[in-house]
Amino acid sequence: MSDYKYQTGFGSYFSSEDPRCPNSLPEGQNSPQKCAYGLYAEQLSGSAFTAPRTENTKSWLYRIRPSVIHEPFKRYEEAVHLTRNWDEQHPNPNQMRWNPFEIPTSGKIDFVQGLHTVCGAGDARSRHGIAIHVYLCNSSMENKAMYNSDGDFLIVPQQGILDIKTEFGRLKIAPNQICVIQQGIRFSVDVNGPTRGYILEVYDNHFKLPDLGPIGANGLANPRDFETPTAWFEDKEVDEYKIISKFQGALFIAKQKHSPFDVVAWHGNYAPFRYDLSKFMVINSVSFDHCDPSIFTVLTCPSSRPGTAIADFVIFPPRWSVQEHTFRPPYYHRNCMSEFMGLILGRYEAKESGFLPGGASLHSMMTPHGPDRNCFEGASNAVLKAERIADGTQAFMFESSLSMAVTKWGEETCQKLDKSYYECWQSLQKHFKISD
Ligand SMILES: O=C(O)Cc1cc(O)ccc1O
Ligand SMILES: [Fe+2]
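The rules we used
- Residues numbered from 1 in each chain as written.
- Chains lettered and ligands numbered in written order.
- Predicted model: local features only at pLDDT ≥ 70, side-chain atom pairs only at ≥ 80, totals over all residues.
- UniProt positions renumbered as here; feature names shortened; annotations may be inferred.
- Helix = DSSP H or I, 4+ residues; strand = E, 2+ residues; numbered from the N terminus.
- Rg over C-alpha atoms; globule rule 2.2 N^0.38 Å.
- Buried ≥ 20, exposed ≤ 12 C-beta atoms within 10 Å, placed from the backbone.
- Contact = placed C-beta atoms within 7 Å.
- Core = buried A, V, L, I, M, F, W, Y, C linked by C-beta atoms within 7 Å.
- Domains from an automatic or database assignment.
- Pairing = 2+ DSSP bridges.
- Axes fitted to C-alpha atoms, helices over the stretch in contact; angles between N-to-C directions.

Identification of the chain as Homogentisate 1,2-dioxygenase from Hermetia illucens is taken from an unreviewed UniProt entry. UniProt, in the comment section headed Sequence similarities (unreviewed entry), describes the chain in these words: "Belongs to the homogentisate dioxygenase family." Word for word, the UniProt comment on the chain under Catalytic activity (unreviewed entry) is "homogentisate + O2 = 4-maleylacetoacetate + H(+)".

Here it is as structure tokens:
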């Protein structure tokens, strides 16, 4: 796939000019009396002005028009399954598994219209919480851009390429790549056919790389593999350009007569990025026992409690499995965190069947889960040679310290909840014996 130009690094201080406008970035100051090329300067703040330097994020955008030129926001009614209402359903602690969510085949549905909320917790107004959505669409956003006033989006494509315009430039992601588009950043998604993926939305904080502790200075997702767009603008005037804002969980639309992708140059450390999951350097046990899945953390959105994430993005990448005298698949588990899983490609190691690409599972707080019967019997009796696991596979988990509610769409309307999921554990045998 032909691609765009990127700048590499995680959370770096970037500077970029569209090559059509050399010297468009002011030198030595942010707000010249008159900007080059007659541009307007606009700051986008990603943290409180006074946040400590390690947390302080902002960017300066030099653009054809300031963002403020738009008509008033009105309610936008076209994404009927996007919700912030966590009280639609009675709480349900059961193990949940969804068959692949259906991509619309009739009518034109774009990324915004195709947003469906599966579960979540918390409140965008108090800036604490998360939401997990899936996007199910088949058409590009035409003269339409979106931004999220509530928090950051981590987007995980499962089917179809997303060709995304942002105010910071263009980026493209295919399945097995991800991107993060932070609070406030306008973006527009072009697709090419049936398209599906998952979104983790966080309200509290931005995504960070996890600390590496004794792992050392290298490993897991390396900073140099994160890619941020380079400046690109369009000077486009139209009868109607729609700006969609997600604000306090609801969508709004404001009309304007020009493209918001008119940023000619920018500098700052608040910018979207993408990452290719195949670049993840996998660390795991080379002796015995099963490492906790935190060893596969790509990105984390920390809470103020040390080591306890609002949400971690964890993957289960292809790797060698070599542990001796060990039950190698994921262990049986009850967790004080919530585990939402999705499958991008292939098959997940703890489930022989039933968990399919484009589907999902949710194991809520303290709800028991683990390998199904076939997996348990197979792994308990397997000859423990060095083995490739999960080749051609990519499962992931959004693991959260919040207790999530499932929406009405997730539990009922989507009609994908697998009511027989619990059965995969019912035939687990009792093997207990005191003596032979
Ligand atoms: O399948 C799961 O439930 C996720 C998971 C994977 C793993 O390797 C260990 C624990 C765990 O919860
Ligand atoms: Fe688990």
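Here the narrative resumes, following the displayed structure.
> Break down the overall build of the chain for me, with residues and values.
Across its full length, the chain carries 3 helices and 28 strands. Over its C-alpha atoms the chain spans a radius of gyration of 23 Å, differing by no more than 12% from the 22 Å that the globule rule assigns to 436 residues. Summarising its shape, the C-alpha atoms of the chain cover approximately 90 × 45 × 40 Å along the three principal directions. Sorting the 436 residues of the chain into buried and exposed places 43% on the buried side. Contacts spanning at least 24 positions in sequence make up 78% of the contacts within the chain whose residues lie at least 6 apart.

> Lay out the nonpolar core in plain terms, naming residues and giving numbers.
The biggest cluster of nonpolar side chains holds 105 residues, and the ones touching the most others in it are Ile130, Leu154, Ile155, Cys179, Leu200, Val263 and Phe396. Looking at this core, you find at least three residues from each of domain 1 (70-261 + 269-277) and domain 2 (282-415). Those residues in contact with Phe396 that sit more than four places away from it in its chain are Val156, Phe313, Val314, Ile315, Phe316, Met341, Gly342 and Ile344.

> Account for the UniProt feature "domain: Homogentisate 1,2-dioxygenase N-terminal" (unreviewed entry) in the chain, with residues named and values stated.
When the UniProt feature table is mapped to this numbering, "domain: Homogentisate 1,2-dioxygenase N-terminal" (unreviewed entry) covers residues 5-277. When the span residues 5-277 is considered, its composition is 0% helix and 42% strand, and the gap between its end C-alpha atoms is 19 Å.

> So what's going on with the UniProt feature "active site" (unreviewed entry) in the chain? Which residues, and what values?
Under the feature "active site" (unreviewed entry), the UniProt entry names His290. Turning to its location among the elements, His290 is positioned in the loop between strand E20 (273-276) and strand E21 (297-302). Setting aside residues no more than four positions away along its own chain, His290 makes contact with Ser285, Thr326, Arg328, Pro330 and Tyr331.

> So, the sheet that holds strand E24 (residues 338-345): which residues are in play, and what are the values?
Strand order in the open sheet formed by 6 strands is E6-E25-E24-E27-E22-E21, and the pairing between neighbours is antiparallel. If you trace the sheet from one side to the other, it starts and ends with strand E6 (96-98) and E21, each paired once. Here the strands of the sheet are splayed against their neighbours by 15 degrees on average, with no regard to which way each runs. Where E24 meets strand E25 (residues 360-363), 4 bridges bridge the pair, whose relative direction is antiparallel. Bridge pairing in E25 places Gly342 opposite Ala360.

> Lay out the domain arrangement of the chain with the relevant residues and their values.
Taken as a whole, the chain is organised into domain 1 (70-261 + 269-277) and domain 2 (282-415). On a C-alpha basis, the centroid separation for the pair domain 1 and domain 2 is 23 Å. Taken together, the contacts link 46 residues of domain 1 with 45 residues of domain 2. Breaking the side of domain 1 that touches domain 2 down by element, the ones donating at least two residues are E6, strand E7 (115-123), strand E8 (128-137), strand E10 (152-159) and strand E15 (195-202).

> So what's going on with the pairing of strand E9 (residues 144-148)? Which residues, and what values?
Across the 5 residues that make up E9, a large majority, 4, are buried. Taken together, the 5 bridges between E9 and strand E17 (residues 237-247) define a ladder with parallel strand orientation. Residue pairing in the sheet places Met146 in a bridge with Ile244 of E17.

> Break down the sheet that holds strand E3 (residues 40-45) for me, with residues and values.
Spatial strand order, E2-E19-E4-E3: 4 strands in an open sheet with antiparallel pairing. Looking at the sheet topology across the chains shown, the edges are occupied by strand E2 (14-17) and E3. Taking each pair of neighbouring strands and ignoring which way they run, the sheet shows an average axis angle of 20 degrees. Looking at chain direction, strand E4 (residues 58-63) and strand E19 (residues 263-268) are connected through 5 bridges and run antiparallel. When the sheet's bridge partners are listed, Leu61 is paired in E19 with Trp266.

> Please provide a residue-by-residue account of unusual backbone geometry, values included.
Of note, the phi angle at Asn23 is positive, near 60 degrees, even though the residue is not glycine. Mapped onto the elements of the fold, Asn23 is located in the loop between E2 and E3. With phi around 50 degrees, Gln248 is a residue other than glycine that occupies positive phi space. Along the polypeptide, Gln248 turns up in the loop between E17 and strand E18 (250-258). According to the C-beta neighbour criterion, Gln248 is exposed, with 12 such atoms within 10 Å.

> I'd like a description of the environment of Leu362, backed by residues and values.
When you line up the elements, Leu362 lands in strand E25. Leu362 sits in the buried class, given 24 other C-beta atoms within 10 Å. The sequence separation of Leu362 and Lys385 amounts to 23 residues, and the corresponding C-alpha distance is 32 Å. Not counting the four nearest positions on each side in its chain, Leu362 is found in contact with Met96, Cys119, Phe340 and Val406.

> For the environment of Ile215, give the residues involved together with the corresponding values.
Relative to the helices and strands, Ile215 is located in the loop between E15 and strand E16 (227-229). Separated by 201 residues in the primary sequence, Ile215 and Phe14 have C-alpha atoms spaced 28 Å apart.

> For the pairing of strand E22 (residues 309-316), give the residues involved together with the corresponding values.
For a regular strand, side-chain orientation follows a simple rule: the groups alternate between the two sheet faces. The element E22 is extensively covered by neighbouring structure, given that 8 of its 8 residues are classed as buried. The antiparallel hairpin formed by E21 and E22 contains 6 residues in its connecting segment, where Gly307 sits at a positive phi of about 75 degrees. As paired strands, E22 and strand E27 (residues 394-400) are joined by 6 bridges and run antiparallel to one another. Among the inter-strand pairings, Asp312 is bridged to a residue of E27, identified as Glu399.

> Any details on the environment of Arg65? Residues and values, ideally.
Looking at the secondary structure, you find Arg65 in the loop between E4 and strand E5 (74-75). Sequence separation between Arg65 and Ser259 is 194 residues, and the spatial gap between their C-alpha atoms is 9.5 Å.

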